[in-house]
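Examining the three-dimensional arrangement
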Amino acid sequence: MNTSASRPVRVLWITPELQGGIASYSRILWPAVADAAHAEGHFELLTNVQTAPGARADEIAAARDLQPDLVHVQHEYGLFGGMNPFLDALPQWMRQLRDAVPNGTRIVATAHNVLPDGYRLETRGQGWRTPLNRMANATMLPWLRRRWRDGTWGLFDGVIVHSALQAALLEPGGLSPIASIPHVVPEIRTSAGERPRNPIPRVTVFGYFCPEKGQDVVIEALRHVKTPVMLRLAGGVGHPVNNAYHEQCRRRIADGGLRDRVEVTGFVPEADISRLFEESDLVVAPFRRTSGSGSLVQALCRGAPVLASDLPLNREINDRVPDTLAFFASEDPLDCARQIELLLADADRRRRLGQQALLYAANHSPSVIAREHLGFYKQVIET
């Protein structure tokens, strides 16, 4: 990279979301990276351009006006049109972005969704898309997988993932460099002391409704929980493609006779998130798939005890800080119900989980994760 020795490397962030998990992630991390860059002096962070998905012209205009040496894009398939290759706007947008910035400008991405080996298009709760997804799974998967991986990450000069397991998935594709930087945990003033004593224990699932998040698993589990419990499903629908799944979950609640035991809140404003977790005796993260969920770290930073599905990326959290999460067998409502009952009956175990959650949060704070980003930037510009 050719940059003047007399000035720092100019860095532009692009976050194509105004409201949601990735927008929140970006707002949490950006100031810490800017502060770390200012203290070090090698980088100058220009601005974090946050736009509504589809506002491509504004992002390109900012890159053309600011002429950065490095552009960092927060990527998730849905922010660029989804996983249908015929609707994916990323390749064309990347061509426009490279035309707008100086030759030699590096463009990197944080991969907020890395598809695992064996990934198939979702066929649960997809409405009219279900037969199309089944057909694509039967006929087009090898091509689609190449398109989702090489056709996405191969467009960038470097990629950040949230897990060493994800890095191992991308490394065979020849991408260089790849950095495994865990999901940042926001700094929230809280403690892992006594949780509020609810007359009936309150269990919370936080996040947008979608099959990957697995709200239906906990709804089914609730039918097998023998002790009195109130379930709060805290979240709305983040993308219209999941409307059918949201309605399916509501039907499960009604058909199971659970209306008096379940609250569906809709979208939770950021100002209400702390109260949501502080009121909870237990948080359940029933993910079928995860790429390093922002909804999970929202619970950890507030010292909430969390029961999570035993996916490899969730278990990796306990590899970093032991006993941060309790686990149930993924997609198993009976085991989910059993573990909910065991944890609600064991206040000391929940308190220990809350303490370890706060330790994990301190080890992955914005200032810690910001320094790892600067190290990645150095690696990229020296490549």
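How each quantity is defined
Residues numbered from 1 in each chain as written. Predicted model: local features only at pLDDT ≥ 70, side-chain atom pairs only at ≥ 80, totals over all residues. Heavy atoms only, no water. Pairing = 2+ DSSP bridges. Helix = DSSP H or I, 4+ residues; strand = E, 2+ residues; numbered from the N terminus. Axes fitted to C-alpha atoms, helices over the stretch in contact; angles between N-to-C directions. Contact = heavy atoms within 4.5 Å. Core = buried A, V, L, I, M, F, W, Y, C linked by side-chain atoms within 4.5 Å. Buried < 20%, exposed > 50% of the residue type's maximum accessible area, 1.4 Å probe, protein only. Arc of directions from axis to C-beta. Right-handed = clockwise from strand over helix to strand, strands pointing away. Salt bridge = Lys/Arg side-chain N within 4 Å of Asp/Glu carboxyl O.

**Some thoughts on the sheet that holds strand β9 (residues 262-264)**
If you trace the six strands from one edge of the open sheet to the other, you get β9-β8-β7-β10-β11-β12, paired in parallel fashion. Each of the sheet's edge strands pairs with one partner strand only, and the pair in question is β9 and β12 (326-328). Ignoring strand direction, the axes of neighbouring strands in this sheet form an average angle of 25 degrees. In terms of strand pairing, strand β8 (residues 230-234) meets β9 through three bridges, oriented parallel. Counterpart to L233 in the pairing with β9 is V264. Against the sheet, helix α7 (residues 215-222) contacts β7 (202-206), β8, β9, β10 (282-285) and β12, and its axis sits at roughly 170 degrees relative to β8.

**Focus: the nonpolar core**
Counting residues in each nonpolar core, the largest one holds 37 residues, and the members touching the most others are W93, L97, W148, W153, F156 and V161. The set of elements that each furnish at least two residues to this core consists of β1 (9-15), α2 (56-66), β3 (70-75), α3 (90-100), β4 (106-111), α5 (141-153), β5 (158-161) and α6 (164-170). What W153 contacts, discounting residues up to four positions off in sequence, is H75, Y77, A109, A111, N113, W148, V159, L170 and L175.

**Considering the side chain of Q166**
Summarising the element assignment, Q166 is placed in helix α6. Every residue in contact with Q166, bar those within four places of it in the chain, is listed here: V114, V161, T290, S291 and L313.

**Structural notes on the sheet that holds strand β6 (residues 178-180)**
The six strands are arranged β2-β1-β3-β4-β5-β6 in an open sheet whose pairing can be described as parallel. Strands with a single pairing partner mark the edges of an open sheet, and in this sheet they are β2 (43-50) and β6. Strand after strand, the sheet turns through a mean of 20 degrees between neighbouring axes, direction not considered. In this sheet, β6 lies alongside β5 in parallel orientation, the contact comprising three bridges. Counted as the bridge partner of V161 is S180 from β6. Packing of α2 onto the sheet brings it into contact with β1 and β2, and relative to β1 it is tilted by some 170 degrees.

**Describing helix α9 (residues 270-278)**
Three or more residues of α9 are buried, namely I273, L276 and F277. Seen along its axis, α9 keeps its buried residues to an arc of 85 degrees; they face one direction. Those residues of α9 that are buried lie in contact with β7, β8, β10 and α10 (294-300).

**Focus: α7**
Summarising burial for α7: seven of the eight residues are buried, a large majority. If you check which residues of α7 are buried, you get Q215, D216, V217, V218, I219, A221 and L222.

**A short note on the pairing of β8**
Among the five residues of β8, four are classified as buried, and the element is accordingly described as predominantly covered. Each parallel crossover has a hand, and the one from β7 via α7 to β8 is right-handed. With helix α8 (residues 243-255) bridging β8 and its parallel neighbour β9, the resulting β-α-β unit is right-handed.

**Concerning the pattern of salt bridges**
By the definition in use, this model includes 22 salt bridges. For R288, the salt bridge identified is with D216, shortest N-O distance 2.7 Å. Of this pair, R288 sits in the loop between β10 and α10 while D216 sits in helix α7, placing them 72 residues apart in sequence. Each of the two residues, R288 as well as D216, counts as buried. Across the pair E279 and R275 runs a salt bridge, and its minimum N-O distance is 3.4 Å. Bridged by salt links that share partners, the residues R202, R232, E263, R275 and E279 form one connected network.

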